[in-house]
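Chain by chain, the residues:
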Amino acid sequence: MRGHWIISITNSKGGVGKTTSALNLGAALSAASKKVLLIDNDPQGSLTASLGYTPAEQKRTLNHLLLAAVDYPEDLEMQIDRTIIKTDSGMDLIPCNKRVADAAARLQVMQLSQYNAVGESDRSCEKVMAIITNLLRPRYDYIIIDCGLKFELLTVNALAAADYCIIPVQAHFLASEGIPEVLELVRSVQAKFNPTLKIAGILITMYQSKPQLCESIRESVVDVYGAKINVFPHPIEYSIKLAEAPAAGQSILVYRPKNPAAASYRHLAQEVLQFE
């Protein structure tokens with residue numbers, strides 16, 4: 001079994017548990033003695049905040065690394081070492097804040113002008129994140145990238161750098177409507193930038209076992225997509241404690257280790273540990 005996997009967590013809909021899943025999957029893998037890096041790829045900095053850091057106060061962020069990868073790649077490794085935060089959780093973090101809009105704008109200029117940083121196809125504006133993660137891959141068993149809603153080029157970059165993507169979907173009547181849009185983006189990235197990208201699965205979040213609606217939505221997702229795409233067999237149980245944990249700067253596994261949601265993420269980690 002090969003290690004050093006890069007996993008992007010993505011969905012164009014908000015409120016489906018992307019950041020929660022990135023944090024708690026990382027925590028569960030870390031608890032399984034794996035070396036984990038979390039990359040916050042969202043201008044809102046929610047993953048950064050969830051680990052107890054104030055996004056606006058971070059002086060070195062993903063923004064600096066993306067710009068370094070484009071403008072002075074010879075200094076990138078040094079910039080990476082300065083940017084990574086060794087958190088109390090045992091996981092490492094590359095933080096993010098609104099300043100990543102600077103890098104997103106730079107990538108858009110590259111795209112519009114078809115500018116190529118050093119004249120090589122693997123340094124196109126869609127594969128700048130991959131330059132960073134290729135340097136980081138040997139250091140970690142798992143690199144997990146939390147994607148935002150907007151700044152599409154940032155999400156494309158995350159998918160172009162990833163081995164796998166996980167698509168969280170809220171167990172809600174309208175939430176699954178966002179799946180086709182995500183799948184279209186993934187297929188586009190596979191065709192143009194990253195043919196080895198795999199969809200690890202659709203992850204049902206905010207699941208309540210008692211309401212019949214949640215179960216019917218899970219069954220509907222399995223019926224529509226299950227033949228071609230893995231639907232993780234253990235949905236993420238809904239718990240108010242999941243919402244409380246980030247305020248304490250902790251994962252649910254630390255905040256309430258016996259909570260059903262913590263068990264859900266341990267199940268997900270066991271699935272991820274089977275990646276080959």
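Residues numbered from 1 in each chain as written. Predicted model: local features only at pLDDT ≥ 70, side-chain atom pairs only at ≥ 80, totals over all residues. Heavy atoms only, no water.

Student: What am I meant to see in the environment of R218 here?
Tutor: Structurally, R218 is set in helix α9 (residues 212-225). Residues R218 and A158, spaced 60 residues apart in sequence, show a C-alpha to C-alpha distance of 27 Å. Discounting residues that sit within four places of it in the chain, R218 has contacts with I204, Y207 and P235. (Helix = DSSP H or I, 4+ residues; strand = E, 2+ residues; numbered from the N terminus. Contact = heavy atoms within 4.5 Å.)

Student: Would you mind showing me how to read the sheet that holds strand β5 (residues 142-147) here?
Tutor: Hydrogen bonding along the main chain pairs the strands of a sheet, whether they run parallel or antiparallel. Strand order in this open sheet of seven strands is β3-β4-β2-β5-β1-β6-β7, and the pairing throughout is mixed. The two strands at the open ends of the sheet, each matched to only one other strand, are β3 (85-86) and β7 (198-205). As judged from the seven bridges shared by strand β6 (residues 164-170) and β7, these two strands associate in the parallel manner. Bridge pairing links C165 to I199 in β7. In the packing of helix α1 (residues 18-31) onto the sheet, the strands contacted are β1 (5-9), β2 (36-41), β5, β6 and β7, and the crossing angle to β5 comes to about 170 degrees. (Pairing = 2+ DSSP bridges. Axes fitted to C-alpha atoms, helices over the stretch in contact; angles between N-to-C directions.)

Student: Hey, could you run me through the packing of helix α3 (residues 62-71) against helix α6 (residues 128-136) in this one?
Tutor: Geometry of a packed helix pair, given as the angle between the helix axes and the separation of the axes. It is at 9 Å that the axes of α3 and α6 come closest, and there the two elements cross at 100 degrees. Relative to α6, the element α3 is oriented roughly perpendicular. Note on element contacts: α6 touches α3 through V128, M129, I131 and I132, opposite L62, L65, L66, A69 and V70. Considered class by class, the residues forming the contact of α3 with α6 number nine nonpolar, no polar and no charged. (Parallel < 35°, antiparallel > 145°, perpendicular 65-115°, else oblique. Nonpolar A, V, L, I, M, F, W, Y, C, P; charged D, E, K, R; others polar.)

Student: I keep staring at the packing of aromatic side chains and nothing clicks. Help me out?
Tutor: The description of two aromatic rings rests on the distance between their centres and on the angle between their planes. A full pass over the atoms with the stated rule returns two aromatic pairs. Taking the centre distance of 5.4 Å and the plane angle of 80 degrees together, the rings of W5 and Y164 count as edge-to-face. Taken as a pair, W5 in strand β1 and Y164 in strand β6 lie far apart in primary sequence, 159 residues in all. Neither W5 nor Y164 differs from the other in exposure class; each is buried. Plain terms: the ring middles of Y164 and F275 are 4.0 Å apart, the flat faces sit at 25 degrees to each other, and that makes the pair stacked. Of this pair, Y164 sits in strand β6 while F275 sits in the segment after α12 (260-272), placing them 111 residues apart in sequence. Overall, Y164 belongs to the buried group, its relative accessible area being 7%. Taking relative accessible area as the criterion, F275 reaches 8% and is therefore assigned buried. Over the face of the ring belonging to Y164 we find K198, whose NZ or CZ atom lies 5.8 Å from the ring centre. (Phe/Tyr/Trp six-rings, centres within 6.5 Å; stacked < 30°, edge-to-face > 60°. Buried < 20%, exposed > 50% of the residue type's maximum accessible area, 1.4 Å probe, protein only. Lys NZ or Arg CZ within 6 Å of the ring centre and 35° of its normal.)

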